[in-house]
Amino acid sequence: MPEGPECQKDPNDSRIRMISSGASRGLDWLLFFVADLQTGFGPFLAVYLTAHHWTASEIGFALAVGSVSSTVTQIPAGMIVDALRRKATAATVALVGIGASAMLMAWSPEIWPVLLAQALHGFASCILSPALAALTIGVVATAALPERLGRNARFAAIGGVVGAALMGACGSFISTCTVFWLAALLCAPALLALWSLGLPLNLPQMPKVTGPTREAIRGVLSDRRLLAYTACAVLFHLANAAMLPLAAVEITRRVDDRASLIIAACVLVPQFMVALLSPLAGRMARRWGRRSVLLVGFCALPARAVLLAMVHDPLWVIPVQALDGLGGAAFGVMTPLVAADLSGRGGRFNLRLGILGAAVGLAAAASNVVTGLIATNLGAQTAFSALALMGVCAVTMVGLGMPETRPIEAAA
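These numbers were taken from a predicted model, which means no experiment stands behind them. (Residues numbered from 1 in each chain as written. Predicted model: local features only at pLDDT ≥ 70, side-chain atom pairs only at ≥ 80, totals over all residues. Heavy atoms only, no water.)

Colleague: Could you give an account of the pattern of salt bridges, with specific residues and numbers?
Modeller: Taken as a whole, this structure holds seven salt bridges when the rule is applied. For the salt bridge of Glu250 with Arg253, the shortest nitrogen-to-oxygen distance reads 3.5 Å. Here Glu250 pairs with Arg253, and both are found in helix α11 (residues 243–254), just three residues apart, close to one helical turn. On the accessibility criterion, Glu250 (16% relative accessible area) is buried. With its nearest N and O atoms 3.4 Å apart, the salt bridge here joins Arg304 to Asp324. With Arg304 in helix α14 (residues 300–310) and Asp324 in helix α16 (residues 322–343), the pair connects residues that are 20 residues apart, well separated along the chain. (Salt bridge = Lys/Arg side-chain N within 4 Å of Asp/Glu carboxyl O. Helix = DSSP H or I, 4+ residues; strand = E, 2+ residues; numbered from the N terminus. Buried < 20%, exposed > 50% of the residue type's maximum accessible area, 1.4 Å probe, protein only.)

Structure below.
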């Protein structure tokens, strides 16, 4: 039998498996409630602001403020979470910040409270995402990571479904501002689920290996595979970020009284698809490789944009949104998985996630601002056509410029 570090038993392995088994259910509930409370930010925000007579360009600017806020703090946040031993502390602070931003949003639809809430939400979210990813890596073995990330996406999608249903009902039958009060209220069970993971989750240490154990930051920044995936992520969000908010604005203008219910359905359908497809995406990433799964998911982008430009009945937007679930499952599972592939034994996982998050935030901000301007001046159909063109560019980048990152042992 071959000798070497990879063939030796890790003395902490049984302890990590025990902790993983005990924390798995708590991690499921945490992701469920986090997705619940995050559902209020995005399409429901567009409905809320449109109901208070904001223009498409003003809504795009408000959404961009949140994206820019998270972009500015993504890389420092990743480095901080990498350095922290207790990842749950970072997640707790982030959840409290998200709850505060939701209450501020519900308190007033005026420009400055909305922009302040968006900035706070962006900052808190960029802390929460790497903290949750780090907690996930802490409870599973490397070989099981693709399946666990698929499970994460499934529970997040189910939480998004429940959150969209609750918020759609509140927005339709009570008022649009109750969506954000509900989001703030959902922070409480999310914090309980986080604390249920328990302090032992922070105790196991990764086995020490010979040689350099910490990759230099310069090496991370010059990694061509990371740069290639960053380009793919940027193009994906340039095409995707503004698509549903733009559709939400058009739906609200056409059927103001039923807008919240239709938007809720537009969120529910892709979440069902993500819940269905994410575990499959994790398994297929281990079998086929990361790039093949990404290529399938990215192909949904231009098709969805073209269909949204063609449909005029708001109800037809709902089945078109199924394509969003296909792209969301692929990107949501592959992003932390690719970051883990590239980090390997050198660490810097959260720094890589921070770099990707910063690039995605810039792309989302640009997508919302530019699409809002195009829609205001040239019409929604032209804006959807521009998003479709960007989706074609994203597919091309994955097909021609993205290298395979799956480790050789995982392929075997």
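Colleague: Talk me through the packing of helix α12 (residues 259–288) against helix α13 (residues 290–298); I want residue IDs and the actual numbers.
Modeller: As a packed pair, α12 and α13 sit with axes 6 Å apart at the nearest point and diverge in direction by 130°. By the angle between their directions, the pair α12 and α13 is classed as oblique. Each of Ala281, Met284, Ala285, Arg286 and Trp288 in α12 lies in contact with α13, whose residues at this interface are Arg290, Ser292 and Val293. Here the contact of α12 with α13 is built from residues that sort into five nonpolar, one polar and two charged. (Axes fitted to C-alpha atoms, helices over the stretch in contact; angles between N-to-C directions. Parallel < 35°, antiparallel > 145°, perpendicular 65-115°, else oblique. Contact = heavy atoms within 4.5 Å. Nonpolar A, V, L, I, M, F, W, Y, C, P; charged D, E, K, R; others polar.)

Colleague: How would you sum up the side chain of Gln321? Please name residues and give values.
Modeller: In this structure, Gln321 sits in the loop between α15 (317–320) and α16. Residue Gln321 is classed as buried on the basis of its relative accessible area, which comes to 0%. Those residues in contact with Gln321 that lie beyond four places of it in its chain are Leu244, Cys266, Val269, Pro270, Arg304 and Leu308.

Colleague: Run through the environment of Met167, naming residues and quoting values.
Modeller: Summarising the element assignment, Met167 is placed in helix α6 (residues 145–173). Once the C-alpha coordinates of Met167 and Trp181 are considered, the two residues, 14 residues apart in sequence, prove to be 9.7 Å apart.

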